[in-house]
Each structure stands twice: as C-alpha cells, then as structure tokens.
Protein chains: 4
Amino acid sequence: MTTTLIQGGLIVTSQGEAHGDLLVADGRIALVGGGLDEAADTVIHAEGCYVLPGAVDPHTHLEMPFGGTTTIDDFTSGTVAAACGGTTTIVDFCLQEPGQALGEALVRWREKAHRCPPAVDVGFHLGIVDLDLDGALDELARLPQEGVPSLKLFMAYKGALMVDDETMVRAMRVAGANGGLAMVHAENGGAIAVLIEEALGRGETEPRYHATTRPPATEAEATGRAIELAALVDCPLYVVHVSCEEALAEVDAGRAAGHQVWAETCPQYLFTTAEDLARPGFEGGKYVFTPPPRTPADQEALWGALAGGRLDAVTSDHCPFRWADQKTLGEDDFSKIPNGGPGIEERLALLHHFGVGAGRFSLPRLVELVSTGPARMFGLHPRKGTIAPGADADLVVFDPARRHTISAATHHSRVDYSLYEGFEVVGAVRDVLLRGNPIVRDGEPVEGPPGGELLSRAPFGSSLPIRDGGAA
Amino acid sequence: MTTTLIQGGLIVTSQGEAHGDLLVADGRIALVGGGLDEAADTVIHAEGCYVLPGAVDPHTHLEMPFGGTTTIDDFTSGTVAAACGGTTTIVDFCLQEPGQALGEALVRWREKAHRCPPAVDVGFHLGIVDLDLDGALDELARLPQEGVPSLKLFMAYKGALMVDDETMVRAMRVAGANGGLAMVHAENGGAIAVLIEEALGRGETEPRYHATTRPPATEAEATGRAIELAALVDCPLYVVHVSCEEALAEVDAGRAAGHQVWAETCPQYLFTTAEDLARPGFEGGKYVFTPPPRTPADQEALWGALAGGRLDAVTSDHCPFRWADQKTLGEDDFSKIPNGGPGIEERLALLHHFGVGAGRFSLPRLVELVSTGPARMFGLHPRKGTIAPGADADLVVFDPARRHTISAATHHSRVDYSLYEGFEVVGAVRDVLLRGNPIVRDGEPVEGPPGGELLSRAPFGSSLPIRDGGAA
Amino acid sequence: MTTTLIQGGLIVTSQGEAHGDLLVADGRIALVGGGLDEAADTVIHAEGCYVLPGAVDPHTHLEMPFGGTTTIDDFTSGTVAAACGGTTTIVDFCLQEPGQALGEALVRWREKAHRCPPAVDVGFHLGIVDLDLDGALDELARLPQEGVPSLKLFMAYKGALMVDDETMVRAMRVAGANGGLAMVHAENGGAIAVLIEEALGRGETEPRYHATTRPPATEAEATGRAIELAALVDCPLYVVHVSCEEALAEVDAGRAAGHQVWAETCPQYLFTTAEDLARPGFEGGKYVFTPPPRTPADQEALWGALAGGRLDAVTSDHCPFRWADQKTLGEDDFSKIPNGGPGIEERLALLHHFGVGAGRFSLPRLVELVSTGPARMFGLHPRKGTIAPGADADLVVFDPARRHTISAATHHSRVDYSLYEGFEVVGAVRDVLLRGNPIVRDGEPVEGPPGGELLSRAPFGSSLPIRDGGAA
Amino acid sequence: MTTTLIQGGLIVTSQGEAHGDLLVADGRIALVGGGLDEAADTVIHAEGCYVLPGAVDPHTHLEMPFGGTTTIDDFTSGTVAAACGGTTTIVDFCLQEPGQALGEALVRWREKAHRCPPAVDVGFHLGIVDLDLDGALDELARLPQEGVPSLKLFMAYKGALMVDDETMVRAMRVAGANGGLAMVHAENGGAIAVLIEEALGRGETEPRYHATTRPPATEAEATGRAIELAALVDCPLYVVHVSCEEALAEVDAGRAAGHQVWAETCPQYLFTTAEDLARPGFEGGKYVFTPPPRTPADQEALWGALAGGRLDAVTSDHCPFRWADQKTLGEDDFSKIPNGGPGIEERLALLHHFGVGAGRFSLPRLVELVSTGPARMFGLHPRKGTIAPGADADLVVFDPARRHTISAATHHSRVDYSLYEGFEVVGAVRDVLLRGNPIVRDGEPVEGPPGGELLSRAPFGSSLPIRDGGAA
C-alpha cells in the first residue's frame, strides 16, 4: 500500500481553509490533521501552496462530431490538458444519434475513451436527440442506476440536436421519476433560425452576426421555459452555460418559485464579449461559441452571481475546433462556423486570479464552484470534490505565487489558439495527484500511461460511496 | 335619408355617461346633445335605459371544422344570437388549412358568410397553420392593407393547429413590420400532449381530466413565451382567453417590461370552474373548452384584472358544439371531445349583472371591455365601438331593470345547452340598431333579411375612417 | 344665453378624434356633431386645428412658503400662465402647518385665491403634516364630502413636511374609508438626510450633489412602501412625480398585485437630466427640484410608460422660485436651494411636440394624460376633462402647425428662467375658452378680470355632476 | 494535554458525512481519519450515532428587560438548556438603553454573564437604540474590531426599541464600512401601532389579535425596506425571524438584485400557527411572540426555503417569559403581553426529526442551518461550526434512534411551558463536548462549574483564527 504525505500546505475545501497535513494511502485520503509525521513512501512539501480537491469539469466535448467536423481533442489529449489545469474528473457529453439506442451511444463513447485512454477520471452525460424508438423511455429510466444520472437536452440547433417541448417533457418526466437530472442548453432554436436567415439575407455573414442573431432574449426565454417544464414534471434541472443577465434572472425566478434549478457559467462568458467577434481578419471566428459572448455588464452580473451563490458552478464547455482549418468552414457564412471554444486547462487559474485574487470571492467559494459543487450535482460526492478521510486522493497543489502567461504555444490541448492568449495570471497548478498517483508535476504531465478510469456515477441526490477498503 | 331620434337615455361610452339624445341619420350618428327635438322618421324612447355602442366580439368560431366535426352555428344563426345579446360586430377566425394559400382560406370563409348571410357586421382574423408555401410570407405582409390586420397562432393542439416557435417568429416578424397584430392561443401543446397520454394511460378518460392535463403552468409558460417572441421581432401581441392567475402574471410582466401586449378573458372563465367538468353523467363534457375552467381564486383574479385595467377585453370565444351528438364523440376519452363552448349572446348581460351590478366595475368600463377596447384593438374604431358624430349607428338600448333567466330553451344559438343555464340576471338588451336599422326589438330579432356586411378593417394602430358621406 | 359655435376642427378626446363642430351654450357644451349651422353669438373657425378639452393640472404650488421663501407665482400670475398653456383647471396643494386645523389651512389657501383671483378654475388638495390634533381625523374624514377628496403625504423633507409611517397609515385609513385618495411624494427622507450630511461633510456643496444624495433607490423604496401601506388599509394611492425606472417598477408591481395605484410624471423628468445640475456658474441651481432629474435611460423608461399605459398623467409640479434671488439662497450649499422648478405653461406643447409629433403616442393619449386622466382621478370628470354634451365648455383650439420657441422672455409666469429655454416646438395653443368664455386668444391672455372659480370636487371614484341647467 | 478519541460515529459536516474517528487534544480537533487507534485519555464510542459540530445559536435573549419584565433565563440557566440541546455557542442580544454609550451596554451584559456564568461559549450582538450621543458612531465603527461585529436594528416596537430610517441608514453605513453586519427585526412598527390601536378600539383584546394586527404585509414591507437601505450604503444584512412567504419573497428579490442579504427563520414559525393564539383560556398567550405565528402555507414555504437554500439559518429566538406570572400581564390586553417564546433547547431535535427524518433536507444541510451557517455569518468560523483539524472540539454525539417527548416538565429552561409540549421526536442529543470537555452526558448536564467563555468574534467576512497552540 503506497502512502504519500502532503505537508505544510493550506488545505482548502469548500467549507474553509486551514493549515495542515494529509496522509494518502491506497489512493484515498487516510488522515487529515496537523503535524502529521507518519512515515510515508513519498513526501510532498506544500509550504506556501494550497492543497485543493481535484477540480471536476462536468462540461466537455471530446472527439465530438459537430457541424460537419469533429472536436480536435480526443480523450487523451483533452484530459492531459485538463490535468495540467488541475482537473481530475471530467463528465463528457455522449450524444445519441437519431435512431440510435441510448445504450449504443454510450457504447460508442466508451470506445472512444478506450481507444484514447484518459489521463483523468471520466463520466458521461447522455445527450438525448430522439425518443421515438422502441424502448427508449425504458432505457432512459434505467440510466441513473447504471451510472449515467444526467441527460442533456438541446433547445437550440434546430434541425440538428434540438428537441421539441414534447420530447423535453417526456424525457424530464422519466428522469425526474428515476433519479435523473436534466441539463439544458437553453436557447430558442426556432427563433434563432429565423434571425440567422434574416441576417444572411441582409448579407450579414461575418462572425459578429453570431451574436446579433442569438440575442439574450432567446436564451432567457428558453431558460424560463425549461424551468417551467421541468417543474411541471418534477424533474431537477441544471442550466448549462448561462451567459447573460436576462437568463440569470430566469434562474433566480425559478428558484424563488421553489423549483429545483441550478446553473453554471463558463470562463468564456466572464472574459470575452461580443466585441471579440468583431476582431479583424476572421479572428472573430475564434469566439464563435454558443451562447455567444455578451457585454461587460453581463460579465459583471455573472461575477456577482458566482459570488452571491446564484450560480452553482463554473465549467469549461471545452469544445475545441482548430482555427486554421475548422473554424474557417464558416469564413463566408458565420452560421457554418463550428460552434465551440477551448478552455479545459485554464479554468482554475483564471478563476483564482480574477476571482479570488481580485477579491470577488474566497478560496473556499472557488473550490465550491469548480470542484465540490459539480461533484455533488453530478453524483460524484463525497468520493470526488472534497478533502476528507476516505475520499479519492485527487489533489491539486496550487502555488498562489507562481506567474503564468496563458498561450496556445504552451497549453496542452491540440487546438491552435487560446481565448485567453497573453493573459497573465498569478497562481498556477504545481502538482496533481489522481487517486494518489502523481499525474502532473511542476506544471507538466508526468510521463507514463494515462491512468484515468471510467466512472459510474450515483443517481441525482445520492452520494457516491467511497471506494471499498476505505477508511470508514 | 332615414333619421332616428333616440331620446332620454343614459348615453354610456367608455369615457363616461350622461343623459342625452342622439340623432341618427343615414346609418350614422349625426348629433349628440341634450334636448334634441329635431324631426325624425323614427323616435325611440330610451328613458330609464342605457344607450350603448354596439358590442364588438372579436373571438367567434362559426361553421368551423374542428376535432372531426363542425361548430353548429353558421353565420346566420350565430350572428342572430350575437345581435340579441347586443353585439353588432364580430370578428371570426378564418383558419388556413395546411398547404392552403392564405387568400384561399379567406375566400372560403367569405363564401360561408355569403351562403348564410350574417345579421351583424363581420370581419375576419386569419389563423396561420402553415407558412411553408411559396408566397405565403408575401401574402401575410399584404393582409393588414387588405382589411385583415390580425392573425392567430395556436401554441396548442399539437398535430392539428399548433405551430412551432420558428413559424411564430416568422409570422410575427412579418405582421409587426406591416401593420399586423398577432393573437395567440397560449398553451404548451407539446407538454399537454404528454400529460394527456399519461392520463389516458392511467385510465383517466372522463371530462375532468381535461383540466388536470392542462394545468396553469402550461398556459403561463406559453403566454410568457409568446410575449418574448413577439417582443423579439417588434410585433404587437394579443393573448386570447386568459384563464388563470399564472398567465395573467406573465401578461403583467410583459407589460411592465415595456412590451406591446394586451389580453382578453371570456365569461366561461369568470363563471365556471374545473368542478363543473366533474358533473355527473357526462354533463361535464359541456365544459370542455380550452384552456379549461379553473378555480374560484382564478375567477377572482380575472375579475380584479378586468376592473384594474390589466385585462383589455371580454370576448365570447363562442365555439358551439351540441352536447347531444358532438360533445359525445369523447364520451369514452376526454381528449376526443370537441373543445369549445357557446356564449355569443350572454356576454353583455352577464358582465352587466355580475360586473356592474355587483360593483366590480363601472358602466363605462363595461363598454370599454366589450365594445370600445375590441374596436380599437382590431381596427374598427372610431367607426365602431363608440358613440360620436360620424360613427356607425350601431346602438344598444339596454334596460337595466329587465329581468332575464338564461337558458338554452330561449337563447338564439343552435346549441342545445347553456353554460349559464338558470342564471338570473337583472338587465337585458331591449333594442339594437345596426347602422341605424333596427335588428332587435324588445329582445327578439326583427324579421327580415340579415343586413350584416363584411368589414375591411384598418391596420393595427390605425383608425378605421368613418363611412363616406359622413358628418365630418 | 350666450352661444358659441366652433366649426371645422378635429375634435380630440381621450377616446379618439373626428372632424366636427361644437355648439357651446350657457358655458357648457350643447351639441357635438357634423355640419352644425345653428346660429350662434360667436363663431370660432377651427379648420386645421385640434379642439381639445381644457387641460387639467393637478400638481401646482402657487404662493407656497417653502425653504424660507415663497413660490413666486400667485394665483393670478400662475393661472394666467396655465391658461396660455391650455390648462383650464388646476388643483393646487394647500399645506397644513404643524398644529393647524385642516379647515384653517384651507381657509388660508382660499384667501390667497381671493386676494389674487385665478384665471382658470381651481381646486385644492390638502397636504397633511400633523394629525396629532383634537378632531383632526374627523376633519379628514369629512373632507371628501366637502370638495377636497385628495390629501398629500410627504415621505421626504425630514424635519419639515415629512410624516412618519404611522401618520401615513392613519391618514390613509381615514381617506380610504371616506372617499379620499392619498397622494404621496415618495422619497425616503431619513436616508436622504444622511446622504446629504455625508456629502456636505465631504465638501460636496454644488447643485449636482442634489442628485447624488437622492439616488433612485431612495425614491423606489418609498414608492414601494407607500403602495404597501395604502394597500394595508384599503386606500387608493396616487404617486406624484415618478422620475426613474426603479420607482416605475414599484408602481408596476403594485398594480400587478392588484392594488389601487396610479402615478404621474412631469415634463422636467422627460427633458432634463442630472447633467443639467452640473451646468457651470450655479446655473445648475435652476434644476434643483425633487426628485432630481435622472438619466437618459430613465427618460426613455418614462416615455415608454406614458405610451404603454403604465403612467396615468403628466402634471407640471409647477413650483417656481426665481433664480436671481431665491435659488441663490443655496449658492454655497445645495441643500439650501429652494426645491422646485417652473412649468405650468409648457406641458401641453412639449408633450404634443415630443410625444405626438415624435410618434411616441397618439393625440387621444395626449388628451388622456393631461386632461381626462387627471379629471377622472381628481373628481372633476365628466364636468371637466372631456368634450361631451353638458360638460363645461373648457376648450382649447390648438394649432398643430404653429411654431413656438420656449423662453423665459415670453412665458407668462413670473419666474426668471425656463427649464426649456430655446426649445423649439411645432404646435401651440391658439384659443382657450373657460366655461364658454374666451380667456386666451391667439396665444395671449384676453384682457379683463380673471374668471376662474374655486371648485368643489367629487369624492374619489365618483363623478362630478355637470352644472345645473345642463342639457341632460 | 488531555486527549479524547471519538470512535465509530458518522461524522457529519455541512459538506457531507462519512464514518470515521476523531482525536481531540488540548480542546481542539487534532486528527480526522479512519481507524484511528491513538492512545487517548478518554474514548467515546459513537457507533450508531452522528458526530456533529456543536450547534451555534445566534439569536437568544437572556436576562433581558422587555415589556416591563425580564426574560426568565439567566446566562447559566439558559445556556445549560442550550447545551442539553446540542448548542455549544450562543450569540446573545445586548441592548443599548436610550442615552447609554454602546460600550457601557456591553459592560452591563458582560456583567450578567459573569454573575451567572454560562455553560457554553457566548458572544454578543449589540442592539442599537440611540445614536444621538457624542461619539456613538465612532464607538460603532470600532465594535467589529473589538469582537462585536453584528448590530441589531428594530423596525418594530414603536416607542420602545424601534429606530427610524435615518438611524438605520446611519448605523448601516458605519457597519458596512468597518466590518460590521446589520441584523434587522423587520416589521413596520408605525403601521402596527395603528392596527393595534384600531383593534383595541374595537374591543379586540385577546391574544389572537396579536396576529391580525401584524399582518404579513407589515413584515414584508419592512424586510424590503431594510434590504434597500442596506444596499444603499453597502452594508451586509441579516434578516432575523422570517415568518411568512411575503417576507421571504422580499429576501429572494434582494438577493436576485445582487444585494448582500441573508435570513433566518425559527422553529416556532415551522411548528405553530395563528390558530394557536386562539387557544382557550389565555393559553394563546404562550404563542405571543413577534412576528406572530402564521399559516400552514407559510410553514410550507419556510420549509421549502430551508431545503432550497433560500434561508440560511434556523435560530431559536429564545425569549422566555413565564406564562404563570409574566405572560398574564396582558391578560386583558394582548398588546401588554411580553413578546417572546422559549426554544433554546429544542432546535436541533425538532429539525432533525421533522426536517431530516421527514425527508425535507439532508443531515449536512441540517448542520449548515444550525451550526456552520451561523458560525460563518457571525465571525466564528472555522473555530466553531465545523469538524476539522484545529477547530474547537465543540462536538455533539447525536443518537438518531433515541426517542424523546418534549415537555416543560423535562426541559432545562426555567420557563413554565413549551411551545412543543408533547411533541414526540426520534433522535436526541446524547453527549456534548465544549472545547473537549464533556458538558452533557447521556442527555443531562455534567455536574461542575460552567465552563463557557466570552468570545471575541471576527469582523464580517473574516475567519476567526483557531486558538494558539493549534495543530496548524
């Protein structure tokens, strides 16, 4: 039984922070205390650093076909980047194809992960596209017990991923009754289709029209609708990538009405605006993700909601397309640009610098937003997302004084640009352990075969028991 | 030039009331004043009575195919009933069939009115079902200039009349830009389809499940959505048959946000509740209209909104199916009951007795709700809906002391039941003039050929000029 | 019996507009019709002009002591200015002094009007300052029956006019139960006192700090509170001079909750902003009125609310202090500047040009906002505020083509500046009749003794009967 | 250095639960882990039990003069009762008297605690009554640095504790700028004074009129006002004893607007209703506390808000008056009944049984509501409110299977009745440690001198460092 002692760091959980030591044994946390001097195989000196639970990123799109191409990171390259950014668990979106059995979609996605083994632990959500299949509702009902408690519904992308209200209600009913959680991409795809058609008809083909054809009202309407429909059939709801004040107000209202609703935002909505879409020479194409970037006022509203407890998580929505040869598919027509942007590695450092460093929220709140909150919401807690005896020893030693300049030249994703190119941050990931094993050391991946596992998650509202042989 | 002098009544407009006399000449109002003693061909003594502008009913369904059958009143029988209730103008819903040119639908509806000539003046709204036709949007753009400024969109009746959000936005954009007004039947048809399927699956087949499968949230969600979509494309919006507090709150919110939104309710929502659907022996089937009747609390909310200016009109939604052989189509399955109820004749007397008589609102407010408001909203004012020089002499002499018991035995519609059977009201229509011609005398239709005309209405927000040769 | 025939104008009421003629007899409207050719003592040719009901201004402060000085217009000078602007009735604020019986305050105010006879008709509201007097509540209860149905409560001006919540509730209870209407100046005087003290402590003494020490939240809070307290004791409420979006939102919310609440704004909030307070050389002092001018966004919100029916009236809040020797009392300390600005003459022309002319609302809506609405709200309708047989012949012939430049050099108030100096408007008052008598001709006052009367108004919700000997 | 080992319990924090062992040394938690077998002076076997952080009760009124009498529990009797209920820290309300320096009030309150030494740790809030004293604002500014970071403002009790808005704003400004937190008792005292006077005038003297004269609107209005005033001057706000849906909605709205606002409710609002006030024979007098008990619908709303994160704490508002000789002061006039009820001992057991046991929320949520949340809010965390190395070893061993019947016959307060008389709960406190020392064993107080300390708390938003000599 290998043991590791992490000494002298500031241990931070979503509950608070305290100087102390950690003893890791058999991949799990064995002891938390002060002045531990147990013998250990390895000792990590963490003086001057934070010791955080590994971050959980429940919103990634690896090796995903979309818009006639495929995201450029596979499960290996994407998760190596994740690990370097302090993320030790991702939950990726497996997408059903029309006519495909749900289980079949999961089989295919697991194959991708077997072909390109992940460097961090991996779970799957299931994106529902088609419920008009024999047995689809029965399959859906079983999923939470089979380790896939969260499903995704797209209210946007008409003609592709979008489902109608009937399908939403049907899926939500089954999910709500069987330990599932519904996630929604909330934009009114029908309205947007008209706005895009009108814009193109006026010759508005450049990237900046991506924003004008998806105004905040289209997001707010869909957000409110999703909340009402979920409430109608008693299904807990999680709204992904909230981008603007108007949508946030709908989340607030739903919550005030007593509905079970949670929501996330993503770094791109905190750091880019619609102005970036107008960058010259098709550079704006880099910023075509959905919902589009908004205004500085929306950014402030989102920061305030993160601090004030009105948003529950920050995830990456990592959906990487190369600028050189993928984004350019839409060089003459913004509606053909594959929608999505990269960010699986930068989340923790950005939020640390601009959130904690700028005094917007505390370190424990940071941990809540990137680790504990997502772990709890997606059936991973308390095995993941916390530092407590018995929990997986997924740990990040974060050096708050280390300076780092974000750049595509140094990041670990395969994508050829960064939304945060040149951003200078103070504070960076130093070491990362996955179930006790070092996977990042001094900011770079540790050599060797990727050791991530595929996770079976707990139904919504349930705890994921710690692994057998644990301390308790 | 025929002249009529109406003497000694209390002249009531939406602005106020005053004792006075009216001189009618050439079908129009010539003079309004006190102590008129002009010579006239006819003198009507109105002492002790109210003289009101003829009521306008912008929500009727005459000879309309629906649910495998056809409403039982044609343009003659329906409008005779309307006239007896003090209504001198109706605007009926012409419905497009899938694949049918819009103009063709209007041609067919006009044919119905030619075949069975109406006793009151008649305009048409156009119910849009299908915009995927060559030229449909161009046709839609021309309609307001061609006398049909209002279109109807159904968010309910999935698989039949329901349109998706894309069609709604497309239609609203064209309407808003061309002097049109969008009307919506706001219920989430997709969600309701699931609830009905679930209910039938549980063996819930009786009429009372019509209400449980259309809960207030399904109406509120659609109401809010319609308002947001209309605002998105700058289209004025009119929400038909608001039935519950939750939907009313959405109208309030839309208005507070500065959107152009108006709304009506109907007598059935003021006088019946979901309890009526549970009447024994399939009598509940009589109360199957959509949205369904709600609760006493909703009734109170609607009355309050009528008094407080938060609802703009009361219309009949007259959609008559015989109980004996039409409603019974759904004796074993509530979802097969043709949706709709009668009421074209009772509106004015019910609102007078229970609204004005009960102290809920004033006489001028009554006139606003049943006449002036609808006339203004639907491009008929100031030719209709008011008492002023030049306006059409559509006039009601209403006797506030006359007692009347509502009954299917005495009403003038062909339908075989009344939602208000046995209701006793004080106050009833005595005489009605249509453009100066007597069409109801002492409560009963005047013999002779029906004299109603088909009206070409003004674009939204415009006035309908008074007829040529007028006073001004 | 003198008669006047007004021929060929466009007669505009709040209900609509139509070309027609009016016969005035015995000070009242006798006939409304087309092509009238009755013999008359006087004929006014109104071709190309609008004929409007005389405007009603329910918010004036004539010869009022305030802040150590007295408003510069007395009942003669102020009402001559009003008449020139098309206003034929004002309701002025009579203010109780501490310890003074309510009736005594009214006696004093009537004395002022006797000393300086008014050119238009005049009613009084009563501003309540002190209810701790024997018999005060009984007096208050009788006021609505004695012609004074509206009372005013100040939530601002701590140490001067401000009353506490207990006094408000007590007054509202009595008013609500006895046909009274409560009016509130809604600003949190306590909070403002602290903000002023803090500002002065920082050496912020210039006029622009008048705005920073009265932020929108202080108005919104008081507005919401007034609505809740009035609702608690069933008293109808009218909120004066709404200046900002936040307060407007409170009015919306109150209305949506079913409370009886109405609200006005004033031209100064539509045409000036906080920037004006920063004009150089103490010119900013001209713009010190309360609430202070706000932002362009607030202006837009107010215009939208006027168009959309969320505000019910536009009044002047004419409260004139000379710049030269009254405003300068606060040259070294903004809190000593007498609060108030002039505007009794400009209201109709400004709203016509920038409201109707700019397409923001219609002519009938203009009439509603400046005449019919206030008349109805303050117990003057249908004697005032409309054009109908029997109503007082208070009429304005308004020439929509006449150009006018607003200036202190030409206005009729005694004040030495105009908030709208140099504004060019198209459309101006030509002639004004008060109860049939010409008081303004071709834009200038008619010579002769002022003929205004003191009015006894009707209780809230009641009509003010037309005068004896009337047509009906 | 004394050590204690707690073995085999389910360790519950606000973050989660896990089986494990705790080593306590020197009054603080030394180790948290699994399978600890360190030698220890004492071993507590906690198999089958929960090990919780000691509860924190930030709302008590011990030995407080009020309404002409004094609460019946002193610091000894009250805290013994607290300890028996699992509470190891209280924060009591020290009240300034008019004219008294703030520091002097604190001196007096500390004297009470010295005279009757407490059994648990004790901090003080300061209730501000009068700021019109030389130096009062300076004193107020220093308090957060001197261990008293929270002040209380009463918006009710006109003529006694109530402060006006100016005082509130002044106090909030100073608090917000200096690390203070404002707490408000939110009821409109002025409005209530009128309603009470009216009720007594009608002869309504019985306890049930305590509720009718304090309707929800009076609480909601004050809640909204407090939030707006605090936001105006950037002061964090904590609303005590929220009792009804309407007030809750104001808290929701404030939070949605981005303001720093938190709120608590108390067990009496979850378990009693206005019906209890009508119990026969003056028994209703027992239920006279403020705000009054409300309706079952309000109870449900509060439970939902506790579960959904919209309320942040449950406190006792223990304010004990004997029924026999104190409550009876108001036997003939409800307004003379001393306002307040007992409950310092029952909080944890009630919330465990009816909250966790009934499935309304989880064990970690329970810990958040009664311990971690209050500790964090009131400057006690992470020394109090959590189980982590270095924290004070304030621990509760709670037996979830132990049955207990609540009764005044067995509770430890001196008061002669219980609001929960006869309630049967499953789950009770077994053992309690205060800084490692046993103070309750098997449900009863341990003999010996009380060992509570007076606490100096941290400014708002700051952590309270763990004690010297700690593990980290």
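Here goes a summary of the coordinates provided. (Residues numbered from 1 in each chain as written. Chains lettered and ligands numbered in written order. Predicted model: local features only at pLDDT ≥ 70, side-chain atom pairs only at ≥ 80, totals over all residues. Heavy atoms only, no water.)

1. Description of the interface of chain D and chain C
Contacts between the two partners involve 25 residues from chain D, matched on the other side by 25 residues from chain C. Summed over both sides, the interface of chain D with chain C buries roughly 2000 Å², with 55% coming from carbon and sulfur. The three residues of chain D that bury the most area against chain C are Glu 166, Glu 228 and Leu 232 of chain D, which together make up 23% of that side's buried surface. Glu 197 of chain C is the partner of Arg 170 of chain D in a salt bridge, and the nearest nitrogen-oxygen pair spans 2.4 Å. Remark: the boundary between chain D and chain C carries 10 residue pairs in polar contact (both at pLDDT 80 or more). Contributing elements (two or more residues each) for the side of chain D that touches chain C: α4 (165-177), α5 (189-201) and α7 (216-232) of chain D. A class-by-class count of the residues in the side of chain D that touches chain C yields 10 nonpolar, 3 polar and 12 charged. (Contact = heavy atoms within 4.5 Å. Buried area = accessible area lost by both parts, 1.4 Å probe. Salt bridge = Lys/Arg side-chain N within 4 Å of Asp/Glu carboxyl O. Polar contact = N/O pair within 3.5 Å; in protein donor to acceptor, adjacent residues only side chain to side chain. Helix = DSSP H or I, 4+ residues; strand = E, 2+ residues; numbered from the N terminus. Nonpolar A, V, L, I, M, F, W, Y, C, P; charged D, E, K, R; others polar.)

2. Some remarks on the relation of the copies chain B and chain A
For these two chains of identical sequence, chain B goes onto chain A by a turn of 180 degrees and a shift of 0.0 Å along the axis, with RMSD 0.0 Å. Overall, the copies show the geometry of a two-fold rotation axis. Considering only C-alpha atoms, the part of chain B nearest the rotation axis is Arg 225 of chain B, at 3.8 Å. Residue by residue, 100% of the interface of chain B is reproduced at the interface of chain A, so both copies engage with the same surface. (Least-squares fit on C-alpha atoms with pLDDT ≥ 70 in both.)

3. Description of the environment of Val 239 of chain C
Looking at the secondary structure, you find Val 239 of chain C in strand β13 (residues 237-239). Apart from the residues within four sequence positions on either side, Val 239 of chain C is in contact with Val 184, Ala 186, Thr 223, Val 261, Trp 262, Ala 263 and Glu 264 of chain C.

4. A word on the relation of the copies chain D and chain C
Once turned by 180 degrees and shifted 0.0 Å along the axis, chain D lies on chain C with an RMSD of 0.0 Å. Take the interface residues of chain D: 100% of them recur as interface residues in chain C, which is what a same-surface contact looks like.

5. Topic: the side chain of Arg 225 of chain A
Inspection of the secondary structure puts Arg 225 of chain A in helix α7 (residues 216-232). The class of Arg 225 of chain A is buried, set by a relative accessible area of 6%. When sequence neighbours within four positions are dropped, the list of residues in contact with Arg 225 of chain A reads Met 155, Asp 165 and Asn 188 of chain A together with Asp 165, Asn 188, Glu 221 and Arg 225 of chain B. (Buried < 20%, exposed > 50% of the residue type's maximum accessible area, 1.4 Å probe, protein only.)

6. Some remarks on the packing of aromatic side chains
In total, this model carries 56 aromatic pairs over all chains according to the counting rule given. When the ring of Tyr 238 of chain B is compared with that of Phe 378 of chain B, the centres are 4.9 Å apart and the planes differ by 75 degrees; the resulting orientation is edge-to-face. Placement of Tyr 238 of chain B in strand β13 (residues 237-239) and of Phe 378 of chain B in the loop between α12 (363-377) and β16 (395-405) is noted, with a sequence separation of 140 residues between them. Taken together, a centroid distance of 6.2 Å and an interplanar angle of 0 degrees make the contact between Tyr 50 of chain C and Phe 398 of chain C stacked. Here the residue Tyr 50 of chain C occupies a position in strand β5 (residues 50-53), and Phe 398 of chain C occupies one in strand β16 (residues 395-405), the gap between them amounting to 348 residues. Like Phe 398 of chain C, Tyr 50 of chain C is buried. One aromatic cluster is present, formed by Phe 271, Trp 303, Phe 354, Phe 361, Tyr 420 and Phe 423 of chain A through successive ring pairs. (Phe/Tyr/Trp six-rings, centres within 6.5 Å; stacked < 30°, edge-to-face > 60°.)

7. Comments concerning the packing of helix α4 (residues 165-177) of chain A against helix α5 (residues 189-201) of chain B
Two elements in contact, α4 of chain A and α5 of chain B, have axes separated by 7 Å at closest approach and are oriented at 45 degrees. Considering the angle they form, α4 of chain A stands oblique to α5 of chain B. α4 of chain A and α5 of chain B meet at a crossing whose hand is right-handed. Contacts from Glu 166, Val 169, Arg 170 and Arg 173 of chain A of α4 of chain A reach α5 of chain B at Gly 190, Ala 191, Ala 193, Val 194, Leu 195, Glu 197 and Glu 198 of chain B. Its residues placed into classes, the contact of α4 of chain A with α5 of chain B shows 5 nonpolar, 1 polar and 5 charged. (Axes fitted to C-alpha atoms, helices over the stretch in contact; angles between N-to-C directions. Parallel < 35°, antiparallel > 145°, perpendicular 65-115°, else oblique. Left-handed = near helix turned anticlockwise from the far one by under 90°.)

8. Let's talk about the interface of chain B and chain A
Tallying the contact residues gives 25 residues for chain B and 25 residues for chain A. Summed over both sides, the interface between chain B and chain A buries roughly 2100 Å², with carbon and sulfur atoms accounting for 55% of that surface. Three residues stand out in chain B for area buried against chain A, namely Glu 166, Glu 228 and Leu 232 of chain B, and they jointly supply 24% of the buried area on that side. Between Arg 225 of chain A and Asp 165 of chain B there is a salt bridge, with the nearest N and O atoms lying 3.6 Å from each other. Linking chain B with chain A are 10 residue pairs in polar contact (both at pLDDT 80 or more).

9. Quick notes on the arrangement of the chains
With no contact formed, the shortest span from any C-alpha in chain A to any C-alpha in chain C equals 15 Å. The smallest C-alpha distance separating chain B from chain D is 15 Å, and no contact links them.

10. Quick look at the sheet that holds strand β14 (residues 261-265) of chain C
As a general point, the strands of a sheet are linked pairwise by backbone hydrogen bonds and lie either parallel or antiparallel. Residue and element names in this part refer to chain C. In space, the 8 strands of this open sheet follow the order β6-β9-β10-β11-β12-β13-β14-β15, with parallel pairing throughout. What marks the edges here is a single partner per strand, and that holds for β6 (55-60) and β15 (313-314). In this structure, strand β10 (residues 121-127) lies alongside strand β11 (residues 150-154), joined through 2 bridges in parallel fashion. In the strand pairing of β11, Leu 126 is matched with Leu 151. The strands touched by helix α12 (residues 347-357) within the sheet are β6, β9 (87-95) and β15, with β6 carrying the most contacts at an inclination of about 115 degrees. (Pairing = 2+ DSSP bridges.)

11. Examining the pairing of strand β9 (residues 87-95) of chain D
All names here are of chain D. Within β9, 9 of the 9 residues are buried, leaving the element largely enclosed by the surrounding structure. As paired strands, strand β6 (residues 55-60) and β9 are joined by 4 bridges and run parallel to one another. Within β9, the position partnered with Asp 57 by the bridge is Ile 90. Both β9 and strand β10 (residues 121-127) contribute to a ladder of 7 bridges, which runs parallel. Within β10, the residue paired with Phe 93 across the bridge is His 125.

12. Points about empty space enclosed by the protein
To find leftover empty space, one rolls a probe the size of a water molecule over the atoms. As enumerated under the stated definition, the model contains 16 cavities of 30 Å³ or more in all. The volume enclosed by the largest cavity comes to roughly 570 Å³. Lining the largest cavity we find 34 residues, and of these Ile 387 and Ala 388 of chain A together with Thr 13, Ile 387 and Ala 388 of chain D sit closest to its centre. In the lining of the largest cavity, the residues fall into 16 nonpolar, 16 polar and 2 charged. (1 Å grid on protein atoms, 1.4 Å probe; cavity = no way out; pocket = protein on both sides within 12 Å on 5 of 7 lines; lining within 4 Å. Points joined across faces, edges and corners; volume = space filled by probe spheres on them.)

13. Digging into the pattern of salt bridges
Tallying each qualifying case throughout the model produces 152 salt bridges over all chains. Here Arg 225 of chain B and Glu 221 of chain A are joined by a salt bridge, their closest N and O atoms 3.8 Å apart. Of this pair, Arg 225 of chain B sits in helix α7 (residues 216-232) while Glu 221 of chain A sits in helix α7, on two different chains. Note on Glu 221 of chain A: relative accessible area 3%, which makes it buried. In this structure, Asp 325 of chain D and Arg 322 of chain D form a salt bridge, with 2.9 Å as the shortest nitrogen-oxygen distance. Relative accessible area serves as the criterion here: at 41%, Asp 325 of chain D is assigned to the partly exposed category. The network of salt bridges with common partners includes Asp 121, Lys 384, Asp 392, Asp 394, Arg 435, Glu 453 and Arg 467 of chain A.

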